[in-house]
Amino acid sequence: MKVALDLQLSLGTATGIGEYAAGLAQALRSAGTDIVALTEPRLDPWRFDRRVLWDQVVLPARARMRGADLLHCASGTMPLMSLLPCVVTVHDVAWLRVQQHARVYARWYFGAFSLKQYARAAAIAVDSHFSRAEVLAFSGIPEDRVHVVYPGVASDFCQLAAAHGTDPFILVPGTVERRKNLEVLLRALVDAPDARLISVGPFTPYHDWCVALAARLGVSDRVEFRGYVSRAELLALYAQCGLVAVPSRYEGFGYPAAQALCSGTPLVVSNAASLAEIAGQSAVIVDVDDHHAWAAALQTILRDPAAARETAQQRRACAVARFSWATSAQAMLGVYNRALSAR
């Protein structure tokens, strides 16, 4: 089996989907699969017109030219026409649920247009049972064509050693966009006067809104927006922080939560979307909109960060096994085989 794998979103400022695609490619190669990694650095994946050109023209043509048996569209979009059977990973349906503030053409392309294309996929992989239910609810696609394959977490997180810092802080990884709900943490800081927050991830206009909110709440001096950071800096922050907070309203998986679990870092997540499923019994789960409850959860951990880190370390092995890239690759190979058999 020769698989053409879309790695375009692993270029540049790669976020969760880029992490997923790169990790899957490496794991599939380790499992002995012939992987053709498809990218084009000249097409900026964060420019809408370039992304459409990649998805609809360049990607299917390159896959065919490289003699692949199967095209895996790993970024949630797929071509309108392809001579190869396609597997698509649908990470979530956020564009149909929570992206109403985005431009109309983007909502259409990543939402309704992409949803229509999924019906033509030979098989669909999703990151969680939550995302599977969402896809089925919106699409009417037969249940036996939608398969849950948990992504893996990279070895640098799984092998991370905790630092011994004296100034624990709250780490909030992820793009600073409205659905990530950073505002609930800013409001929580009012009730947690000793807490300090560091946000890492690309900015959207929501960043400016959060900066203004922090100023109105009087917590600006305890909030730091670092933007997109290097891999080395991100790992150092996970090792140093008192806890990772993931207050999102909508996540199909939630890489920061899984990375915190696998690195043995204390974790607090919202009760929205897939986060409780991913966290299981290994994190504190808080109502997505209750900033008082968030303040209480944050303060409980930060009062004794060493004890919280020790508990997280004890639960770490289970998370590492659960989010193993080797396991994920074997499950994805099963999806590929079913797709080719159906074809």
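Being a predicted model, the structure only gives us computed values, none of them experimental.

S.K.: Describe the pattern of salt bridges, and please don't skip the residues or the numbers.
M.R.: All chains considered together, the criterion is met by 13 salt bridges. Of the charged contacts, one joins Arg51 and Asp55 as a salt bridge, the two residues approaching to 3.2 Å between their closest N and O atoms. Taken together, the positions of Arg51 and Asp55, both in helix α2 (residues 48-65) and 4 residues apart, correspond to about one turn of that helix. Like Asp55, Arg51 is buried. A salt bridge links Lys180 to Glu251; the shortest N-O distance between them is 2.6 Å. Residue Lys180 is found in the loop between β7 (170-173) and α7 (182-191), and its partner Glu251 is found in the loop between β10 (243-246) and α10 (255-263); the two are separated by 71 residues along the sequence. The two residues Lys180 and Glu251 agree in class, both being buried. Because the salt bridges share partners, they merge into one network encompassing Glu19, Asp156 and Arg231.

S.K.: Account for the sheet that holds β7, naming residues and giving values.
M.R.: The strand order across the open sheet formed by 6 strands is β9-β8-β7-β10-β11-β12, and the pairing between neighbours is parallel. Every other strand in the sheet has two partners, leaving β9 (223-227) and β12 (284-286) as the edge strands with one partner each. Neighbouring strand axes in the sheet, compared pairwise and without regard to direction, differ in orientation by 25° on average. Summarising the sheet, β7 and strand β8 (residues 197-200) pair through 4 bridges and their orientation is parallel. Its bridge partner being in β8, Pro173 is matched across the sheet by Val200.

S.K.: Outline empty space enclosed by the protein, listing residues and values.
M.R.: With a probe scaled to a water molecule rolled over the atoms, the places where space remains empty come into view. In the structure shown here, the tally under the stated rule is 1 cavity of 30 Å³ or more. Empty space within the largest cavity amounts to approximately 120 Å³. Around the largest cavity sit 16 residues that line it, and Val172, Pro173, Gly174, Thr175 and Lys180 are the ones nearest its centre.

S.K.: I'd love a proper account of the packing of α7 against helix α8 (residues 205-217), names of residues and values included.
M.R.: Direction vectors running N to C along α7 and α8 enclose 15°, while the axes themselves pass 10 Å from each other. Taken together, α7 and α8 sit at an angle that is classed as roughly parallel. For the pair α7 and α8, the sense of crossing is right-handed. Contact residues: Leu182, Glu183, Leu186, Arg187 and Val190 in α7; Tyr206, Trp209, Cys210, Leu213, Ala214 and Leu217 in α8. Of the residues contributing to the contact of α7 with α8, the split by class is 9 nonpolar, no polar and 2 charged.

S.K.: Lay out the environment of Thr15 in plain terms, naming residues and giving numbers.
M.R.: Tracing the chain through its elements places Thr15 in the loop between β1 (2-6) and α1 (16-30). We classify Thr15 as partly exposed; its relative accessible area is 27%. When the C-alpha positions of Thr15 and Cys73 are compared, they lie 16 Å apart, and in sequence the two are 58 residues distant. Sequence-distant contacts of Thr15, defined by excluding residues within four places in its chain, comprise Trp46, Thr175 and Pro202.

S.K.: Can you explain the sheet that holds strand β4 (residues 86-90)? Please cite residues and give values.
M.R.: Strand order in this open sheet of 6 strands is β2-β1-β3-β4-β5-β6, and the pairing throughout is parallel. Each end of this open sheet is capped by a strand with a single partner; those strands are β2 (34-38) and β6 (146-148). When the angles between neighbouring strand axes are averaged without regard to direction, this sheet yields 25°. Direction of pairing for strand β3 (residues 70-73) relative to β4: parallel, over a ladder of 3 bridges.

Scoring rules and cut-offs
- Residues numbered from 1 in each chain as written.
- Predicted model: local features only at pLDDT ≥ 70, side-chain atom pairs only at ≥ 80, totals over all residues.
- Heavy atoms only, no water.
- Salt bridge = Lys/Arg side-chain N within 4 Å of Asp/Glu carboxyl O.
- Helix = DSSP H or I, 4+ residues; strand = E, 2+ residues; numbered from the N terminus.
- Buried < 20%, exposed > 50% of the residue type's maximum accessible area, 1.4 Å probe, protein only.
- Pairing = 2+ DSSP bridges.
- Axes fitted to C-alpha atoms, helices over the stretch in contact; angles between N-to-C directions.
- 1 Å grid on protein atoms, 1.4 Å probe; cavity = no way out; pocket = protein on both sides within 12 Å on 5 of 7 lines; lining within 4 Å.
- Points joined across faces, edges and corners; volume = space filled by probe spheres on them.
- Parallel < 35°, antiparallel > 145°, perpendicular 65-115°, else oblique.
- Left-handed = near helix turned anticlockwise from the far one by under 90°.
- Contact = heavy atoms within 4.5 Å.
- Nonpolar A, V, L, I, M, F, W, Y, C, P; charged D, E, K, R; others polar.

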